[in-house]
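Architecture at a glance
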Amino acid sequence: MNPIFLLLNLLPILFLYQLGGDFHMSVPLSQEFTLSLVQTHIGTFFAYLSLGSFLLVTIAQKTKHLSWSYYVLQFVLSIAMFVIVFAGDFITFFIGWEVMTWSSYFLISKSLNADMKSLQKYILFSLGSAFFLIAGMVITYAFTNTFDFATIASTFQFIPFSIKVTLVVLFSLSFFIKAGVIGLHYWVVDTYSKAPDLFSAILSAVMSKMGIYGLFLIYGNIVGFYELKEMFGSVLHGSSFGYVLAWIGVITSIIATFKAITQDEVKRLLAYSSIAQLGYIVAVIGLGTSFGVAGALYHTVIHTIIKLLLFINVAAIVAQSGKNKFSELGGLIYKTPLSFVMLLIGIISLAGMPPLGGFASKFMMYNALIDTKFALVLVAMLFSGAASFLYCYKLVYGIYLGHPNSKNLEKQKEVPLTYLIPQIILALALIGLGAFPGAFVTVINPILKELLLAPIPYSGLGVMQSVVGNFNGFFVISAFVIIFLVILLLMFRIKSKAKNNLNRFDISYCGEVPDKNTSLHYGYGMGSELHRIKFVNAILKRSTSNFYESLAQQTKKASQLTSRMYYGNIHNTAIIILLFFSALYFIGVNS
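Observations concerning the nonpolar core
Grouped together as the largest cluster of nonpolar side chains are 186 residues, with contacts concentrated most on Phe 93, Ile 212, Phe 216, Tyr 219, Leu 395 and Ile 399. With 20 residues, helix H13 (residues 290-321) is the single largest residue contributor to this core.

Printed below as a string of structure tokens:
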């Protein structure tokens, strides 16, 4: 770790803590425009989440592998996110958004695996997000004559209905791209896969949350959940807008889940998993109810912790072994037992199984859907959650269980302490949130009040109340800890017998003698059998890549045509320009 940049990442956290929850800073640009930073409860929530993530990733980073420019860019990125979540107006927000985009682009380009295609995908989709954002900002200014969030929020209801719908769509598209909602996720998997291994943790755990924060900003602070319900009407016991958004989120989860199962590269599996988990958040964020917003916030924290833990875990294994595919890994459980336990805690939470924090957040989201009577959405979400067990199992089986599939794995040692320290902190956080789910309610309630929603009932640190019953996290985790310790003792006893298996070919292989080209681990093939299920096969065969590749080809042809016009006969070019302006003139006269 670099102690200087570790301290630099710690300073914003101390600064935020010192402020005590109330600061307002403004810098006038002109008589009309002012840059402003305003502290809010939800901004503070996302700021601590992002700053803490940068701090933990910095602990894991090896100084000798990274240049100073890398650390500087990473620090700039963290400050950009700080600006985004505390921006009090659209201009400040947009500045933070653009700095975030460009600093992250240069960080991704520093990876040895980064290629031109993945970088182009990232920057083009980021520009697309920025264009939607600018379009929304300009239209908003045209009808409110201000960029200030508070003033826009107080006058938004007086904007014509068709304009309000347009604004909601434009801002949603901008933030959907950053969150990787299905159809707009084309850049996500390649970018996470090609980025520096530890920076992938930042992309998944933190940057994707800026898209989620943007949705909270628009739906909760500027438009308002009540106004959204008034605009689009109601269905069952919730809003029509929330119902549509819930389906978008759940479909995102289902498709990404099955895509994840079939991946051979570990980081690509985690990328699809990230898309799927963010789909859950999108599914409940638009419900506009206390449990919906609380569930989205709770799962935002859990997803951040899990993805940091899993990406750091995988980065450590890749750094040690030089392998990043399931077909090259396997059998590391006795070589790296602590890493195995860390990953196990991560995937238990990822699957939403009790007793860890992942269960508490999903419990709250399920309650939100029950509360609004969105039964079909709930069934679809449960289906996606059940299917996610497959890629969770593939993650642990493909890396740590089974037989080693590469010779150098036989001499693998436990990963360095710098990788383990942040993983242990994150694992303890997941255990703590599972044991004391009520503690998070005390964090959420001020945010709910700020968004003009009723607080969640609170009856103690260890208990979470809901519309269908209570969940006593402390009691549940106590029972699980006893069972886990027994299993752990049995594992260490088995380890002593396994020491004699020094050669990975010391196995029975259907009466044949395996050689170095024989694949000894079958975990990487998990998921290929899903093609036999028609419904799943239909998902796996379809891809947005065909659409975007076709779009790229058409754009290329259009640019070639424009190029020929530009460099061609000047007489023809003059005629085309004359025709263009003549058409504009007639359109103007007729209008």
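Now that the structure has been shown, the text picks up again.
Focus on unusual backbone geometry
Cis geometry is adopted by the peptide bond preceding Pro 355, which originates at Pro 354 and carries an omega value of 15 degrees. Tracing the backbone through its elements, the reader meets Pro 355 in the loop between helix H14 (337-350) and helix H15 (357-371). A positive phi angle is found at Leu 236, which is not glycine, with a value near 50 degrees. When its relative accessible area of 51% is taken as the criterion, Leu 236 is described as exposed. The backbone of Leu 452 shows a phi angle near 60 degrees, a positive value even though the residue is not glycine. Assignment of secondary structure puts Leu 452 in the loop between helix H18 (437-450) and strand S5 (463-465).

Some details on the packing of helix H2 (residues 41-60) against H13
The N-to-C vectors of H2 and H13 enclose an angle of 10 degrees; their axes lie 11 Å apart at closest approach. Looking at the two axes, H2 sits roughly parallel to H13. Taken together, the residues of H13 that come into contact with H2 (itself represented by Phe 45, Phe 46, Leu 49, Ser 53, Val 57 and Ala 60) are Leu 297, Thr 300, Val 301, Thr 304, Leu 308 and Ile 312. Split into classes, the residues belonging to the contact of H2 with H13 amount to nine nonpolar, three polar and no charged.

A closer look at the packing of aromatic side chains
Per the counting criterion, the structure on display carries 41 aromatic pairs. Each ring, one from Tyr 393 and one from Tyr 397, has its centre 5.4 Å from the other, and the planes form 10 degrees; the classification is stacked. With Tyr 393 and Tyr 397 both in helix H16 (residues 375-400), this residue pair falls four residues apart, about one helical turn. The class of Tyr 393 is partly exposed, set by a relative accessible area of 42%. Among the aromatic residues, those joined into a ring-pair cluster are Phe 45, Phe 46, Tyr 213, Phe 216, Tyr 298 and Phe 440. For the cation-ring pair, Lys 121 lies above Tyr 186, with the distance from its terminal atom to the ring centre recorded as 4.1 Å. Lying across the ring of Trp 187, Lys 178 places its NZ or CZ 5.9 Å from the centre.

Examining the pattern of salt bridges
Tallying each qualifying case throughout the model produces six salt bridges. Ionic pairing is found between Lys 194 and Asp 115, a salt bridge with its closest N-O pair at 3.8 Å. On the criterion of sequence distance, the pair formed by Lys 194 in helix H8 (residues 188-194) and Asp 115 in the loop between helix H4 (90-109) and helix H5 (116-144) is long-range, its members being 79 residues apart. Judged by relative accessible area, which is 25%, Lys 194 ranks as partly exposed. Relative accessible area serves as the criterion here: at 31%, Asp 115 is assigned to the partly exposed category.

Calculation rules
Residues numbered from 1 in each chain as written. Predicted model: local features only at pLDDT ≥ 70, side-chain atom pairs only at ≥ 80, totals over all residues. Heavy atoms only, no water. Core = buried A, V, L, I, M, F, W, Y, C linked by side-chain atoms within 4.5 Å. Buried < 20%, exposed > 50% of the residue type's maximum accessible area, 1.4 Å probe, protein only. Helix = DSSP H or I, 4+ residues; strand = E, 2+ residues; numbered from the N terminus. Axes fitted to C-alpha atoms, helices over the stretch in contact; angles between N-to-C directions. Parallel < 35°, antiparallel > 145°, perpendicular 65-115°, else oblique. Contact = heavy atoms within 4.5 Å. Nonpolar A, V, L, I, M, F, W, Y, C, P; charged D, E, K, R; others polar. Phe/Tyr/Trp six-rings, centres within 6.5 Å; stacked < 30°, edge-to-face > 60°. Lys NZ or Arg CZ within 6 Å of the ring centre and 35° of its normal. Salt bridge = Lys/Arg side-chain N within 4 Å of Asp/Glu carboxyl O.

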